[in-house]
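A closer look at the structure
This is what each chain is made of:
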There are 2 protein chains.
Amino acid sequence: MSKKSIGAHPYLYPTPIMLAGTYDGNGKPNIAAIAWAGVCNADPPLVGLAVRPSRHTHSAIVARKAFTLSIPTQDMAAATDFAGLATGRETDKFAVAGLSPVASEAVDAPYVAECPVILECSLYQQIAFPSHTYFIGEVRDILAERAFLSTSGKHPDMMKFMPMAYDAGENAYYSLNKLIGKAFSVGLPLLKQK
Amino acid sequence: MSKKSIGAHPYLYPTPIMLAGTYDGNGKPNIAAIAWAGVCNADPPLVGLAVRPSRHTHSAIVARKAFTLSIPTQDMAAATDFAGLATGRETDKFAVAGLSPVASEAVDAPYVAECPVILECSLYQQIAFPSHTYFIGEVRDILAERAFLSTSGKHPDMMKFMPMAYDAGENAYYSLNKLIGKAFSVGLPLLKQK
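So, on to the overall build of chain A. Across its full length, chain A carries 5 helices and 13 strands. Computed over the C-alpha atoms, the radius of gyration of chain A is 18 Å, within 12% of the 16 Å expected from 2.2 N^0.38 for a compact globule of 194 residues. Along the longest, intermediate and shortest principal axes, the C-alpha atoms of chain A span 60 × 45 × 35 Å. Put simply, chain A has 194 residues, and 63% of those count as buried. Of the contacts formed within chain A by residues at least 6 apart in sequence, a portion of 57% connects residues at least 24 apart. Surface accessibility of chain A: about 6,900 Å² in total, with carbon and sulfur atoms responsible for 50%.

Before going further, it helps to examine the pairing of strand β10 (residues 117–128) of chain A. Consecutive side chains of a regular strand alternate in pointing toward one face of the sheet and then the other. Residues and elements named next belong to chain A. Here strand β7 (residues 66–71) pairs with β10 via 6 bridges, running antiparallel. Within β10, the residue paired with Leu69 across the bridge is Leu119. In terms of strand pairing, β10 meets strand β11 (residues 133–145) through 11 bridges, oriented antiparallel. Residue pairing in the sheet places Gln126 in a bridge with Phe135 of β11. From the end of β10 to the start of β11, which pair antiparallel, there are 4 residues.

At the interface, 110 residues of chain A touch 111 residues of chain B. At the boundary of chain A with chain B, total buried surface from both sides reaches about 9,400 Å², with 65% on carbon and sulfur atoms. Among the residues chain A hides against chain B, the three largest losses belong to Lys3, Tyr13 and Val39 of chain A. Together they make up 8% of the total. Viewed at the interface, chain B and chain A are joined by 4 salt bridges. For Glu145 of chain A, the salt bridge identified is with Lys3 of chain B, shortest N-O distance 2.8 Å. Where chain A packs against chain B, one counts 59 residue pairs in polar contact (both at pLDDT 80 or more). The element best represented in the side of chain A that touches chain B is strand β13 (residues 172–182) of chain A, accounting for 11 residues. Each residue belonging to the side of chain A that touches chain B can be placed in one class, and the counts come to 68 nonpolar, 24 polar and 18 charged. Looking at chain direction, β13 of chain A and strand β13 (residues 172–182) of chain B are connected through 7 bridges and run antiparallel.

The next point concerns the side chain of Ser122 of chain A. Residues and elements named next belong to chain A. Structurally, the position occupied by Ser122 is in strand β10. Exposure remark for Ser122: the relative accessible area of 13% places this residue in the buried category. One polar contact links Ser122 to Arg140, side chain to side chain, over a distance of 2.8 Å.

Let's shift gears to the packing of aromatic side chains. The final tally for this structure, using the stated rule, is 11 aromatic pairs over all chains. Taking the centre distance of 6.3 Å and the plane angle of 65° together, the rings of Phe129 of chain A and Tyr124 of chain B count as edge-to-face. In this pair, Phe129 of chain A sits in the loop between β10 and β11 while Tyr124 of chain B sits in strand β10 (residues 117–128), so the two residues belong to two different chains. The interplanar angle of 50° and the centroid separation of 6.1 Å between the aromatic rings of Phe129 of chain B and Tyr134 of chain B together place this pair among those described as tilted.

By a simple turn and slide, chain A fits onto chain B: the slide is 0.0 Å along the axis, the RMSD is 0.0 Å, and the turn is 180°. The superposition operator between the copies reduces to a two-fold rotation axis. Both copies present the same face, since 100% of the interface residues in chain A are matched by interface residues at the equivalent positions in chain B.

Spatially, β2(A)-β12(A)-β13(A)-β13(B)-β12(B)-β2(B) is the arrangement adopted by the 6 strands of the open sheet, whose pairing is antiparallel. Of all strands in the sheet, those with a lone pairing partner are β2 (15–16) of chain A together with β2 (15–16) of chain B, marking the two edges. As paired elements, β2 of chain B and strand β12 (residues 164–167) of chain B share 2 bridges and run antiparallel to each other. Of the residues in β12 of chain B, the one forming a bridge with Pro16 of chain B is Ala165 of chain B.

Attention shifts here to the confidence of the model for chain A. On average, residues of chain A score 96 in pLDDT, and 99% of them reach the 70 mark or higher. Overall fold confidence (pTM) sits at 0.97, and the ipTM for the predicted complex is 0.97.

In this fold, Pro10 of chain B is placed in the loop between β1 (3–7) and β2. Once the C-alpha coordinates of Pro10 of chain B and Gly169 of chain B are considered, the two residues, 159 residues apart in sequence, prove to be 8.4 Å apart. Setting aside chain neighbours within four positions, we find Pro10 of chain B in contact with Val39, Asn41, Ala42 and Pro45 of chain A together with Trp36 of chain B.

This part is about the state of the cysteines. Applying the stated criterion across every chain, the model contains 0 disulfides over all chains. Its sulfur unpaired, Cys40 of chain A is 6.9 Å from the next cysteine sulfur, which belongs to Cys40 of chain B. The exposure class of Cys40 of chain A is buried, given its relative accessible area of 0%. The thiol of Cys121 of chain B is not disulfide-bonded; the next cysteine sulfur, from Cys40 of chain B, is found 11 Å away.

A separate point is the pattern of salt bridges. Residues and elements named next belong to chain A. For the coordinates displayed, the defined rule picks out 8 salt bridges over all chains. Across the pair Arg64 and Asp108 runs a salt bridge, and its minimum N-O distance is 3.1 Å. Of the two residues, Arg64 sits in helix α1 (residues 56–64) while Asp108 sits in the loop between β8 (101–103) and β9 (110–112), which places them 44 residues apart along the sequence. The salt bridge involving Glu138 is made with Arg140; its shortest N-O contact spans 3.8 Å. Looking at Arg140, the relative accessible area reads 45%, which means it is partly exposed.

About the cut-offs
- Residues numbered from 1 in each chain as written.
- Chains lettered and ligands numbered in written order.
- Predicted model: local features only at pLDDT ≥ 70, side-chain atom pairs only at ≥ 80, totals over all residues.
- Heavy atoms only, no water.
- Helix = DSSP H or I, 4+ residues; strand = E, 2+ residues; numbered from the N terminus.
- Rg over C-alpha atoms; globule rule 2.2 N^0.38 Å.
- Buried < 20%, exposed > 50% of the residue type's maximum accessible area, 1.4 Å probe, protein only.
- Contact = heavy atoms within 4.5 Å.
- Areas by Shrake-Rupley, 256 points an atom, 1.4 Å probe, with all protein chains shown as cover.
- Pairing = 2+ DSSP bridges.
- Buried area = accessible area lost by both parts, 1.4 Å probe.
- Salt bridge = Lys/Arg side-chain N within 4 Å of Asp/Glu carboxyl O.
- Polar contact = N/O pair within 3.5 Å; in protein donor to acceptor, adjacent residues only side chain to side chain.
- Nonpolar A, V, L, I, M, F, W, Y, C, P; charged D, E, K, R; others polar.
- Phe/Tyr/Trp six-rings, centres within 6.5 Å; stacked < 30°, edge-to-face > 60°.
- Least-squares fit on C-alpha atoms with pLDDT ≥ 70 in both.
- pLDDT = per-residue confidence, 0-100.
- Disulfide = S-S within 2.5 Å.

Set out below in structure tokens:
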């Protein structure tokens, strides 16, 4: 083992890659590609996402106090990437990417109909960090395609809906492969050894 | 397409799964499995992780104002899961899992020698959410195994070091498969259409 210092960077391995859906000041639906996001709290369920103040999505979240997170599938890589390249100030990103906005019933924001899993979030808090605002959203509901639910019927199954995993260092999208094991289970033999 | 409401949950698809390394009040190195983490800011690089106040890692981060995030590989699933099942109050998790603590040179915390990628973080801020504290760490340095660097030599390559992806709904660890495409690239044809 020989480790090299690669410097200070905002990288995690892997991150999700999602489409944040908002209505802007004119009520136009918009999407932005978001990889910098994480769960912040269990009860209530809170998720945070980092958005630069210069971005169109930033003013939209501040105005409407809501956003959705639509999880794109592996075959939506080009549309997802485009949503990170263009700005909603000048472009109808839904139209160019061939995606369909649907008004959330839970919050004042649109989601992407073609995405299999949707988080509907109301703005809970916003935290101003030096370069980004961290928007904390309270998850009001999750919508999941019935065809992609796990055998329990309770949650979407990543092996069925096939989200992408992102790496902000190499700037690349990756696919998921297979189940390694269940949590609170594969470690039990070690727990018995202690 | 037919979507089902599955209720409000703190799920993202996928999340990373990491080992948070700390020294406790007695200076004993400890690890905890952490999936609820996200990038919060670019400059300085900030990452947040959600930890329940009852956990041993919580008091350790408060005491030492530092933590590391060691990224385990797919063949470390059992050790990672064990780190989420046991508590450092009663157990030397490094010893039971057969892992080696190394003192970070950048911050006052240990990391896992066997992990290929390490984030060394000093405590930047802590935010009290209702059930969890969100510890914001400033990434002081990232260490990466030389054998797993990308061809540029600048970043670790997930296809070489093979981290896991986690799903807190199904409580399961998954492997990554292959590169789908590069960001700021696969969406360029759509950008030209707009």
